[in-house]
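Residues per chain are reported as follows:
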Amino acid sequence: MSVSAARFAAVPPSDTGTAEPEWAKWLDRQGPWARPRFDVEVLVVLAAHPDDEVLGASGMMSAAIAAGVHVVTVCLSDGAGSHPGSPTMSPPQLAARRHLELDAAAAILGLDPPRWCGLPDGGLDNREPEMVGIVGSLLDEYRSNRVGLLSVWAHDGHPDHEAVGRCAQAIGTERGIPVWMYPVWMWHWARPGDPSIPWHRLRAHPLDEGVLEVKRAAVRAFESQLRPLSDAAEDRAVLSAHMLSHLLRDREFVFE
Ligand SMILES: [Zn+2]
């Protein structure tokens, strides 16, 4: 297990972690932050689960589209693992539901329908060569373009996120293309100034109220993650109010 995965495992999702106002104060003090520049023609955005890209990078994707960049989103897992043991929805039902939710969120953001790879949720760290192959052949479609990858972060704590991030890094190195990585769960398990985080590599993309409103609408599409499926413990909401407060702040961050 990586150090970051151990850190994530030690902070249960029910734990509140660092409150958003504290993060905001600390992040302000570290500023001004350099902005990321997606100076590519095609930006391929990688998510481990159907919602990572919307939670972590909606505003950045919107800005890229507005700048004329072609944005392609790729969801590696089928999302069937969000509610293990659920008495309400089977894993295939969850996958189907989350697929629809992601399509709806993408439409709200003005994105093309996401590419859906359907690999096992919770098992991506066993599928790294396969993921490199899948993403590699997708990139081959854009051989004549300047392409970059925007992936969930390789040290985000969740083993699936880390596997996708490593896959992006491997492809970036092999092909010599830029790779940006957005954190999601880091805001839950890390602390302001945490020595395990390479803060100097972090860039901030500010979201104005209009962009944030669209992002909020897109996030609301993930109803299966926001609300309990039933009163059963296995059906509890995956995205807590404190996680949402980090991911719906007025800026998004990305490692460059
Ligand atoms: Zn995820």
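Before reading on, note that the structure itself is shown above.
About the criteria used
Residues numbered from 1 in each chain as written. Predicted model: local features only at pLDDT ≥ 70, side-chain atom pairs only at ≥ 80, totals over all residues. Helix = DSSP H or I, 4+ residues; strand = E, 2+ residues; numbered from the N terminus. Contact = placed C-beta atoms within 7 Å. Buried ≥ 20, exposed ≤ 12 C-beta atoms within 10 Å, placed from the backbone. Core = buried A, V, L, I, M, F, W, Y, C linked by C-beta atoms within 7 Å. Pairing = 2+ DSSP bridges. Axes fitted to C-alpha atoms, helices over the stretch in contact; angles between N-to-C directions. Parallel < 35°, antiparallel > 145°, perpendicular 65-115°, else oblique. Left-handed = near helix turned anticlockwise from the far one by under 90°. Nonpolar A, V, L, I, M, F, W, Y, C, P; charged D, E, K, R; others polar. Expected span 1.5 Å × (residues − 1).

### Remarks on the overall build of the chain
Along the chain, the regular secondary structure elements total ten helices and seven strands. If one aligns the C-alpha atoms of the chain with their principal axes, the spans along those axes are about 50 × 40 × 40 Å. Residue pairs at least 24 apart in sequence account for 81% of intrachain contacts in the chain once pairs closer than 6 positions are excluded.

### Considering the environment of Phe255
Structurally, Phe255 is set in strand 7 (residues 251–255). By C-beta crowding, Phe255 is classed as buried, having 23 other C-beta atoms within 10 Å. For the pair Phe255 and Arg203, spaced 52 residues apart in the sequence, the C-alpha separation amounts to 6.1 Å. In contact with Phe255, other than residues within four places in its own chain, are Trp153, Trp180, Met181, Pro198, Arg201 and Leu202.

### Brief notes about the nonpolar core
By size, the foremost hydrophobic cluster in this structure holds 59 residues, and its most contacted members are Val45, Leu46, Leu76, Val152, Val164, Met181 and Tyr182. By residue number, the principal contributor to this core is helix 3 (residues 52–66), which donates seven residues. If we skip the residues at most four places from it in the chain, Val152 touches Leu46, Ala47, Ala48, Asp52, Gly56, His161, Val164, Gly165, Met181, Tyr182 and Val184. If you look at the next biggest cluster of nonpolar residues, it comprises five residues, including Ala80, Met89, Ala95 and Leu229.

### Structural notes on unusual backbone geometry
Cis geometry is found at the peptide bond from Gly31 to Pro32, where omega equals 0°. Among the secondary structure elements, Pro32 is positioned in the loop between helix 2 (20–30) and strand 1 (42–47). Phi angles above zero are rare outside glycine, and Asp51 is one such case at about 160°. When you line up the elements, Asp51 lands in the loop between strand 1 and helix 3.

### Thoughts on the pairing of strand 7
Along any regular strand the residues' side chains alternate between the sheet's two faces. A large share of strand 7 lies buried, amounting to four of its five residues. Note: strand 6 (residues 202–206) against strand 7, five bridges, orientation antiparallel. Within strand 7, the residue paired with Pro206 across the bridge is Arg251.

### Section: the packing of helix 3 against helix 8 (residues 209–220)
Direction vectors running N to C along helix 3 and helix 8 enclose 140°, while the axes themselves pass 10 Å from each other. Here helix 8 runs oblique to helix 3, going by the angle between their axes. For the pair helix 3 and helix 8, the crossing hand works out as right-handed. Contacts between helix 3 and helix 8 involve Val54, Leu55, Ser58, Gly59 and Ser62 from the first element and Val211, Val214, Lys215, Ala218 and Val219 from the second. Of the residues contributing to the contact of helix 3 with helix 8, the split by class is six nonpolar, three polar and one charged.

### Details of the packing of helix 5 (residues 128–140) against helix 6 (residues 159–175)
Axis separation between helix 5 and helix 6 bottoms out at 9 Å; the angle between their running directions is 50°. When the interaxial angle is binned, helix 5 and helix 6 end up oblique. For the element pair helix 5 and helix 6, the recorded crossing hand is right-handed. Note on element contacts: helix 6 touches helix 5 through Ala163, Val164, Arg166, Cys167, Ala170, Ile171 and Arg175, opposite Glu128, Met131, Val132, Val135, Gly136 and Leu139. Tallied by class, the residues present in the contact of helix 5 with helix 6 amount to nine nonpolar, one polar and three charged.

### Topic: the pairing of strand 4 (residues 147–152)
Counting buried positions along strand 4 yields six of six residues, so the element is predominantly enclosed. As paired elements, strand 1 and strand 4 share five bridges and run parallel to each other. Of the residues in strand 4, the one forming a bridge with Val44 is Leu149. Pairing of strand 4 with strand 5 (residues 179–182) involves four bridges; the strand directions are parallel.

### A closer look at helix 6
Here helix 6 spans 24 Å end to end across 17 residues, near enough to the 24 Å set by a 1.5 Å rise per residue. Every buried residue of helix 6 is accounted for by Pro159, Asp160, His161, Glu162, Ala163, Val164, Gly165, Cys167, Ala168 and Ile171. Phi turns positive one or two residues past the end of helix 6, at Gly176, with a value near 65°.

### So, the environment of Ser86
Position of Ser86 relative to the elements: it lies in the loop between strand 2 (70–77) and helix 4 (91–108). Overall, the presence of 19 C-beta atoms within 10 Å leaves Ser86 in the partly exposed class. Along the chain, Ser86 and Ala232 lie 146 residues apart, while their C-alpha atoms are 7.7 Å from each other. Contact partners of Ser86, with chain neighbours within four places excluded, come to Leu229, Glu234 and Asp235.

By themselves these figures say nothing about function.
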